[in-house]
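Coordinate inspection notes
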Amino acid sequence: AQSVTQLGSHVSVSEGALVLLRCNYSSSVPPYLFWYVQYPNQGLQLLLKYTSAATLVKGINGFEAEFKKSETSFHLTKPSAHMSDAAEYFCAVRGNQGGKLIFGQGTELSVKP
Amino acid sequence: NAGVTQTPKFQVLKTGQSMTLQCAQDMNHEYMSWYRQDPGMGLRLIHYSVGAGITDQGEVPNGYNVSRSTTEDFPLRLLSAAPSQTSVYFCASSYYRQSSGNTIYFGEGSWLTVV
């Protein structure tokens, strides 16, 4: 079985500051991990995904995430926040047998000018 | 390139009414699923399907039915709507057999209010 925990339901940063959104997973099989972004009243857009090819994954809009098996973590980072990054971010896990994609509770990112 | 299409986008139902949320994808994906999104709870899986004629329950299946008669369509039926089913519903699809790392694509969502 898989599960995901996102630490912090709300994160606030200043424009230009580092963004760090935390995600820890639990999986009984090698996981595939995803970060999605949701802008207000819209669907989910894939930011990046880990599929075992490389532990450091680069995504769209300057985001990246590092898979750390020893820490069961897949934290999302961006060196410099932009106002347009304000959105809700979801971490999700899928087992290597396919099937269900399980989401975390989401983290709302606010960016202050 | 339509991707995943959900209808309707907005719906208001009275308690006890039934309705069907439609979902269609044009990418020949085997895997399709329905999620509901509620504040502070992320997206929770209702039902999913790994191919035509195959469906299975997710985390929160009660009060919902699904069927998968074709690869393209995966409708979600609310049998007798309750206020607790007020939520935003998302349909999603992906390839299944080739790799679990395949991207899952989401529809734009259906906002449902039960009064």
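Residues numbered from 1 in each chain as written. Chains lettered and ligands numbered in written order. Predicted model: local features only at pLDDT ≥ 70, side-chain atom pairs only at ≥ 80, totals over all residues. Heavy atoms only, no water.

Okay, the side chain of Q85(B) next. Tracing the sequence through the fold places Q85(B) in the loop between β8 (76-78) and β9 (87-94). Residues within four places of Q85(B) in sequence aside, it is in contact with R36(B), N62(B), G63(B), Y64(B), L78(B), S80(B), L112(B) and V114(B). (Helix = DSSP H or I, 4+ residues; strand = E, 2+ residues; numbered from the N terminus. Contact = heavy atoms within 4.5 Å.)

Let's shift gears to the nonpolar core. W35(A), L48(A), F74(A), L76(A) and Y89(A) are the most contacted members of the largest nonpolar core, which totals 27 residues. Of all elements in the fold, only β2 (10-14), β3 (19-27), β4 (31-38), β5 (44-50), β7 (64-68), β8 (73-78), β9 (87-95) and β11 (107-112) of chain A reach the threshold of two or more residues within this core. Discounting chain neighbours no more than four positions away, the residues touching L76(A) are V19(A), L20(A), L21(A), W35(A), L47(A), L48(A), F63(A), E64(A), A65(A) and Y89(A). Core analysis: the second largest hydrophobic core is formed by 20 residues, M19(B), W34(B), I46(B) and L76(B) among them. (Core = buried A, V, L, I, M, F, W, Y, C linked by side-chain atoms within 4.5 Å. Buried < 20%, exposed > 50% of the residue type's maximum accessible area, 1.4 Å probe, protein only.)

Let us now look at the pattern of salt bridges. Counted according to the given criterion, the structure contains four salt bridges over all chains. Residue K78(A) is joined to D85(A) by a salt bridge in which the shortest nitrogen-to-oxygen separation is 2.9 Å. On the basis of relative accessibility, which here comes to 10%, the residue K78(A) falls in the buried class. Among the salt bridges present, the one from R36(B) reaches D38(B), with a minimum N-O distance of 2.9 Å. A residue is classified by how much of its surface remains accessible, and D38(B), at 11% relative accessible area, is buried. Here the residues in one salt-bridge network are R36(B), D38(B) and R44(B), joined through shared partners. (Salt bridge = Lys/Arg side-chain N within 4 Å of Asp/Glu carboxyl O.)

Tallying the contact residues gives 25 residues for chain A and 24 residues for chain B. Each partner contributes to the roughly 1800 Å² buried at the junction of chain A and chain B, and carbon and sulfur atoms together form 56% of this total. The tally of links from chain A across to chain B stands at zero salt bridges. Counting every contact that joins chain A to chain B gives five residue pairs in polar contact (both at pLDDT 80 or more). Among the secondary structure elements, those contributing two or more residues to the side of chain A that touches chain B are β4, β5, β9 and β10 (101-103) of chain A. For the side of chain A that touches chain B, the residue count by class is nine nonpolar, 12 polar and four charged. (Buried area = accessible area lost by both parts, 1.4 Å probe. Polar contact = N/O pair within 3.5 Å; in protein donor to acceptor, adjacent residues only side chain to side chain. Nonpolar A, V, L, I, M, F, W, Y, C, P; charged D, E, K, R; others polar.)

Turning next to the sheet that holds strand β7 (residues 64-66) of chain B. Adjacent strands of a sheet form backbone hydrogen bonds with each other and so pair up, either parallel or antiparallel. Residue and element names in this part refer to chain B. If you trace the four strands from one edge of the open sheet to the other, you get β1-β3-β8-β7, paired in antiparallel fashion. The two strands at the open ends of the sheet, each matched to only one other strand, are β1 (4-7) and β7. Mean inter-strand twist for the sheet, computed between neighbouring axes without regard to direction, equals 20°. Relative to β8, β7 is paired through three bridges, and the arrangement is antiparallel. When the bridges of β8 are listed, V66 appears paired with L76. (Pairing = 2+ DSSP bridges. Axes fitted to C-alpha atoms, helices over the stretch in contact; angles between N-to-C directions.)

So, about the state of the cysteines. With the rule as written, the count across this model stands at two disulfides over all chains. There is a disulfide in this structure between C23(A) and C91(A), and the S-S distance comes to 2.0 Å. Disulfide C23(A)-C91(A): torsion about the S-S bond near -60°, hence left-handed. Taken together, the residues span a long stretch of sequence, with C23(A) in strand β3 and C91(A) in strand β9 at a distance of 68 residues. For the pair shown, C23(A) and C91(A) are each scored as buried. The side chain of C23(B) participates in a disulfide bridge whose partner is C91(B); the two sulfur atoms lie 1.8 Å from each other. The S-S bond linking C23(B) to C91(B) shows a torsion near -75°; that makes this disulfide left-handed. (Disulfide = S-S within 2.5 Å.)

Turning to the packing of aromatic side chains, a few remarks are in order. Here the structure, examined in full by the defined rule, presents 14 aromatic pairs over all chains. Relative to F67(A), the ring of Y50(A) has its centre 4.1 Å away and its plane inclined at 15°; by these criteria the two rings are stacked. You can see Y50(A) sitting in strand β5 and its partner F67(A) sitting in strand β7, a full 17 residues away along the chain. Judged on exposure class, the residue Y50(A) and its partner F67(A) are both buried. Pairing F10(B) with W111(B) gives two aromatic rings, centres 5.7 Å apart and planes at 35°, and the pair type is tilted. Taken together, the residues F10(B) in strand β2 (residues 10-13) and W111(B) in strand β11 (residues 110-114) connect sequence positions 101 residues apart. The exposure class assigned to F10(B) is exposed, which follows from its relative accessible area of 56%. Each residue in the set F34(A), Y36(A), F90(A), F103(A), Y35(B) and F106(B) is aromatic and connected to the rest through ring pairs, giving one cluster. The residue whose ring lies beneath R94(A) is Y31(B), and the NZ or CZ to ring-centre distance is 4.7 Å. Residue placement shows R68(B) over the ring face of F74(B); its charged tip is 6.0 Å from the ring centre. (Phe/Tyr/Trp six-rings, centres within 6.5 Å; stacked < 30°, edge-to-face > 60°. Lys NZ or Arg CZ within 6 Å of the ring centre and 35° of its normal.)

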